[in-house]
Amino acid sequence: PNYANFTVQCPTPPAMDPPLCRIDNLCLFNISSDPCEHFNLASKQPDVVAALMARLEDYRKHTVLSWRNFEHVDPRADPPSFGPTTDVYQG
């Protein structure tokens, strides 16, 4: 495919209150008209946020976390139990 090479130059973002997007402060952006994600539309379009959250929850119902399928097999394969390491696991 012949894709165009685009670069978006973003100005300094305006202050957001509250400033972060979190589960208790969701964000919704129109990336076509606001590619720098400066204007949070979540409070103006709660129906869109609700629809997207419902869709995400539907995905979660059917998602398989592959590492969860094998964590019971060998507890030695749990890196957080042993701290940071560059060693290769040898089962």
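Residues numbered from 1 in each chain as written. Predicted model: local features only at pLDDT ≥ 70, side-chain atom pairs only at ≥ 80, totals over all residues. Heavy atoms only, no water.

Re the environment of Pro11
- Relative to the helices and strands, Pro11 resides in the segment before α1 (46-62).
- Separated by 27 residues in the primary sequence, Pro11 and His38 place their C-alpha atoms 9.4 Å from one another.
- Residues contacting Pro11, with those up to four places away along its chain left out, are Cys36 and His38. (Helix = DSSP H or I, 4+ residues; strand = E, 2+ residues; numbered from the N terminus. Contact = heavy atoms within 4.5 Å.)

Quick notes on the pattern of salt bridges
- On inspection of all chains with the given rule, the structure shows two salt bridges.
- Across the pair Arg22 and Asp24 runs a salt bridge, and its minimum N-O distance is 2.9 Å.
- Take Arg22: its relative accessible area is 36%, and that puts it in the partly exposed class.
- Looking at Asp24, the relative accessible area reads 58%, which means it is exposed.
- A salt bridge links Arg60 to Glu57, with the nearest nitrogen and oxygen atoms 3.6 Å apart. In this pair, Arg60 and Glu57 are both assigned in helix α1, three residues apart and thus about one turn of the helix distant. (Salt bridge = Lys/Arg side-chain N within 4 Å of Asp/Glu carboxyl O. Buried < 20%, exposed > 50% of the residue type's maximum accessible area, 1.4 Å probe, protein only.)

Structural notes on the state of the cysteines
- Counted by the stated rule, this structure contains two disulfides.
- One disulfide bridge connects Cys10 with Cys36, the sulfur atoms lying 2.0 Å from each other. Here Cys10 and Cys36 share a disulfide; its torsion about the S-S bond, -90 degrees, makes the bridge left-handed. Highlighted residues: Cys10 in the segment before α1 and Cys36 in the segment before α1, separated in sequence by 26 residues.
- Disulfides within the chain link the bonded cysteines, taken in sequence order, as 1-4, 2-3. (Disulfide = S-S within 2.5 Å.)

Re unusual backbone geometry
- Non-glycine residue Glu37 carries a positive phi angle of around 55 degrees.
- When its relative accessible area of 41% is taken as the criterion, Glu37 is described as partly exposed.

Quick notes on the environment of Cys21
- Relative to the elements of secondary structure, Cys21 occurs in the segment before α1.
- With 19 residues separating them along the chain, Cys21 and Asn40 place their C-alpha atoms 9.1 Å apart.
- With residues up to four places along the chain from it excluded, the contact list for Cys21 reads Cys27 and Phe29.

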